[in-house]
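Residue strings, one per chain:
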Amino acid sequence: MRYTVIGGGVGCARFVKGLREHVRRTGGRDRIDVVVNTADDWWVSGLRIAPDHDSLLYALAGVNDTERGWGRSNETERVSAELAAWGTAPDWFTLGDLDLGTHIARTAWLREGLPLSEVYRRLGTRWDLGATLHPATDDEIDTHVLRADGAPLHFQEWWVRHRAQIPATGFVQRGIEHATVSAGAHEAIADADAILIAPSNPVVSVGPVLSVPGMREALAASGAPIVGVSGIIAGAVVRGMADACLAAIGVETSAEAVARHYGARADGGLLDGWLVDESDAAAVAPLGAAGITTRAVPLWMRDEDSSARLAADALALADAVRR
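Residues numbered from 1 in each chain as written. Predicted model: local features only at pLDDT ≥ 70, side-chain atom pairs only at ≥ 80, totals over all residues. Heavy atoms only, no water.

## Describing the packing of aromatic side chains
And step 1. Counted by the stated rule, this structure contains 8 aromatic pairs.
And step 2. Consider the rings of W42 and F93, whose centres lie 5.0 Å apart with planes at 85°: the pair is edge-to-face. Remark: F93 occurs in the loop between helix 3 (78-86) and helix 4 (97-111) and W42 occurs in strand 3 (residues 42-44); sequence separation between them is 51 residues.
And step 3. Using a relative accessible area of 10% as the deciding quantity, one classes W42 as buried.
And step 4. When the ring centre of W70 is taken as origin, the NZ or CZ atom of R68, which lies over that ring, is 3.9 Å away. (Phe/Tyr/Trp six-rings, centres within 6.5 Å; stacked < 30°, edge-to-face > 60°. Helix = DSSP H or I, 4+ residues; strand = E, 2+ residues; numbered from the N terminus. Buried < 20%, exposed > 50% of the residue type's maximum accessible area, 1.4 Å probe, protein only. Lys NZ or Arg CZ within 6 Å of the ring centre and 35° of its normal.)

Rendered as structure tokens:
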């Protein structure tokens, strides 16, 4: 079987780790592909930084900082302090020394003219990830925050420096109108036996992937069931500030509202199935009536066992809607 996950960041990384563990426990022969959001990438000190990809890379490699939730473990930050002192990097965006090694390698390959897909492949060969990562697009896109006063603000500054406290009226991915779906992402979707929408930020991690021209058409053409996992539990985000992103586009912070935002596949939307937490069981019936088969299961990924169990529940729902 071939399973394709769409998302990015810490929530996606935890879910993919659970899926990888489930595959290992059930014979270890199934393939996992991940179509990764690239729209929160940006340039710092002449280096291309890719937060969503690197969260996945480090977590699957087992070298991530589990306490901070981002970056490498056993990290030092001497170079970042020097960059800030020279004024080439903001002091509010810290890059660890080991992390900088990844960014330097990525940028060097990009400067050589390699497509981002090849850069992903090379970065992925260092460790046994148990999954293949594909950029949603090889084209460069960056997310910018729309503000009422019209002043430009890169997503990373809004997210990291201001902690999403500046009121936003929306988000725009600059350059996305000229982007195309990467060949690896297209193949992973076309050949999938199940497509799983990770519990990632629905606005700035999953949303930009879906907005790449041709992506929704590829998903619509796939014969695989599409099942999503809510990143909202009992009206609260599991991690991060997705509630601020949802508010900016007028979507309530609830598992039901996010599913309706994605829409039923039968009506031209995205989802065949949706997993909510047991605390959100009241959403099962109304979402079912809206054309999205919904089940309430434990969503908290506290450890290897609970993460693997969630992945199994997602695949079980995919099998159910496939029939």
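## Comments concerning unusual backbone geometry
And step 1. For A164, which is not glycine, the phi torsion reads 60° and is therefore positive.
And step 2. With respect to the helices, strands and loops of the structure, A164 is situated in the loop between helix 6 (155-161) and strand 8 (170-174).

## Quick notes on the sheet that holds strand 6 (residues 142-146)
Working definition: the strands of a sheet are paired by backbone hydrogen bonds and lie parallel or antiparallel to each other.
And step 1. Across the sheet, which stays open at both edges, the 3 strands sit in the order 7-6-8 with antiparallel pairing between neighbours. Single-partner strands in this sheet number two, and they are strand 7 (153-154) and strand 8.
And step 2. Sheet topology places strand 6 next to strand 8; 5 bridges connect them, and they run antiparallel. Note that in strand 8 the partner of L146 across the bridge is G170. (Pairing = 2+ DSSP bridges.)

## Observations regarding the side chain of S230
And step 1. For S230, the position within the fold is in the loop between strand 10 (226-229) and strand 11 (232-233).
And step 2. Take S230: its relative accessible area is 3%, and that puts it in the buried class.
And step 3. Among the polar contacts listed, one links the side chain of S230 to the backbone oxygen of I232, at a separation of 2.8 Å.
And step 4. Dropping the residues within four chain positions of it, S230 is found in contact with P199, A255, W274, L275, V276 and L299. (Polar contact = N/O pair within 3.5 Å; in protein donor to acceptor, adjacent residues only side chain to side chain. Contact = heavy atoms within 4.5 Å.)

## Details of the environment of S211
And step 1. Topologically, S211 is positioned in helix 8 (residues 206-211).
And step 2. For the pair S211 and I176, spaced 35 residues apart in sequence, the C-alpha to C-alpha distance is 7.6 Å.
And step 3. Of the polar contacts made by the side chain of S211, one reaches the backbone oxygen of G207; its length is 3.0 Å.

## Re the pattern of salt bridges
And step 1. Tallied over the entire structure, the rule returns 19 salt bridges.
And step 2. The salt bridge involving E187 is made with R2; its shortest N-O contact spans 3.7 Å. With E187 in helix 7 (residues 183-190) and R2 in strand 1 (residues 2-7), this residue pair connects regions lying 185 residues apart in the sequence.
And step 3. In this structure E187 comes out as partly exposed when scored by relative accessible area, which is 40%.
And step 4. A salt bridge links R106 to D54; the nearest nitrogen and oxygen atoms lie 2.4 Å apart. One end of the pair, R106, is in helix 4; the other, D54, is in helix 2 (residues 51-61), and 52 residues separate them in sequence. (Salt bridge = Lys/Arg side-chain N within 4 Å of Asp/Glu carboxyl O.)

## So, helix 7
And step 1. Turning to helix 7, its buried residues are G184, A185, A188 and I189. Down the axis of helix 7, the buried side of the element spans an arc of 130°, and every buried residue falls inside it.
And step 2. Packing partners of the buried residues in helix 7 comprise strand 1, strand 2 (31-36), strand 5 (132-135), strand 9 (194-197) and helix 9 (215-221). (Arc of directions from axis to C-beta.)

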